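# A look at the structure
Take a look at the letters that make up each chain.
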Amino acid sequence: QVQLVESGGGLVHAGGSLRLSCAASGSIFSIYTMGWYRQAPGKQRELVATITNPDNTYYVDSVKGRFTISRDNAKNTEYLQMNSLKPEDTGVYYCYADLRSSVLYRGDYWGQGTQVTVSS
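Counting from 1, residues in each chain are numbered in the order their sequence is written. Whole-chain, interface and lining totals are the exception, using all residues; otherwise, since this is a predicted model, local features are given only for residues with pLDDT of at least 70 and side-chain atom pairs are given and counted only at 80 or more. By convention in this description, side-chain values take in all heavy atoms of the structure and omit both hydrogens and water.

### Section: the overall build of the chain
Stated precisely, the cut-off is as follows: Only DSSP runs of H or I covering at least 4 residues are called helices, and only runs of E covering at least 2 are called strands; the numbering of each starts at the N terminus. C-alpha atoms define the radius of gyration, and 2.2 Å times the number of residues to the power 0.38 defines the globule rule. With a 1.4 Å probe rolled over the protein chains alone, any residue whose accessible area is under 20% of its type maximum counts as buried; one over 50% counts as exposed, and the rest are partly exposed. Throughout, a residue-residue contact means that at least one pair of heavy atoms, one from each residue, lies within 4.5 Å. Each accessible area value is a Shrake-Rupley result obtained with a 1.4 Å probe; residue values ignore everything except the protein chains displayed when judging cover.
When helices and strands are tallied, the chain shows zero helices and 11 strands. Listed N to C, the secondary structure of the chain is β-β-β-β-β-β-β-β-β-β-β in terms of helices and strands. Over its C-alpha trace the chain gives a radius of gyration of 14 Å, about what one expects of a compact globule, namely 14 Å for 120 residues. The dimensions of the chain, computed from C-alpha atoms along their principal axes, are 50 × 25 × 25 Å. Classification of the 120 residues of the chain by burial places 43% in the buried group. Pairs at least 24 apart in sequence give 55% of the contacts found in the chain among residues at least 6 apart. With the model as given, the accessible surface of the chain reaches about 6,300 Å², and the carbon-plus-sulfur share is 48%.

Printed below as a string of structure tokens:
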């Protein structure tokens, strides 16, 4: 069984920084793409950033230059460094991983979500 556990959310003032972490554990053969989504109140979940293996990255336009996604393959962990935070970054952030958990199965796994609140 695979689990993704997130940490690092919280409350920060505009202009501040937070670092989210997402650690995958359990039966893991290989991890392919990892990424972060977020969902603001009353809005649809949106893709924030992804990182492949090897490290090709993608960012939604609204976070380019402010957020950095990275991963530590030895620890099966991904990170999202968020700088210059804005109130519109507020939401629940979800990590995901496209991974192979057995010879026969590959799929997407999700974390439980962590709240990020940016006050103005």
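### Some points on unusual backbone geometry
Along the chain, Asn53 connects to Pro54 via a cis peptide bond; the corresponding omega equals 10°. Its place among the elements puts Pro54 in the loop between β5 (46-51) and β6 (57-59). One non-glycine residue, Asn76, lies in positive phi territory at about 50°. Here Asn76 lies in the loop between β7 (67-72) and β8 (77-82). We classify Asn76 as partly exposed; its relative accessible area is 24%. Non-glycine residue Ser84 carries a positive phi angle of around 50°. Note on placement: Ser84 falls in the loop between β8 and β9 (91-100). With a relative accessible area of 41%, Ser84 lands in the partly exposed category.

### What about the state of the cysteines?
Here is the rule we go by: Here, two cysteine sulfur atoms that lie within 2.5 Å of each other are counted as a disulfide.
Scanning the entire structure with this criterion turns up one disulfide. A sulfur-sulfur distance of 2.0 Å marks the disulfide that ties Cys22 to Cys95. Where Cys22 bonds to Cys95 through sulfur, the torsion about that S-S bond is close to 55°, and the disulfide is right-handed. Linking Cys22 in strand β3 (residues 18-26) with Cys95 in strand β9, this pair joins segments that are 73 residues apart in sequence. When sorted by exposure, Cys22 lands in the same class as Cys95, which is buried.

### Focus: the sheet that holds strand β1 (residues 2-7)
Inclusion rule: Two strands qualify as a pair provided DSSP detects at least 2 bridges between them. Throughout, an axis means a line fitted to C-alpha atoms (over the contacting stretch in the case of helices), and angles, computed between N-to-C directions, take values from 0 to 180 degrees.
With antiparallel pairing, four strands are arranged side by side in an open sheet as β1-β3-β8-β7. If you trace the sheet from one side to the other, it starts and ends with β1 and β7, each paired once. For this sheet the average axis-to-axis angle between neighbouring strands, irrespective of direction, equals 15°. Taken together, the six bridges between β7 and β8 define a ladder with antiparallel strand orientation. Bridge pairing links Asp72 to Thr77 in β8.

### Some details on the environment of Val118
In this structure, Val118 sits in strand β11 (residues 114-119). Looking at Val118, the relative accessible area reads 5%, which means it is buried. Distance from Val118 to Ala49, taken between C-alpha atoms, is 19 Å for residues 69 residues apart in sequence. Every residue in contact with Val118, bar those within four places of it in the chain, is listed here: Val12, His13, Ala14, Leu85, Lys86, Pro87, Asp89 and Thr90.

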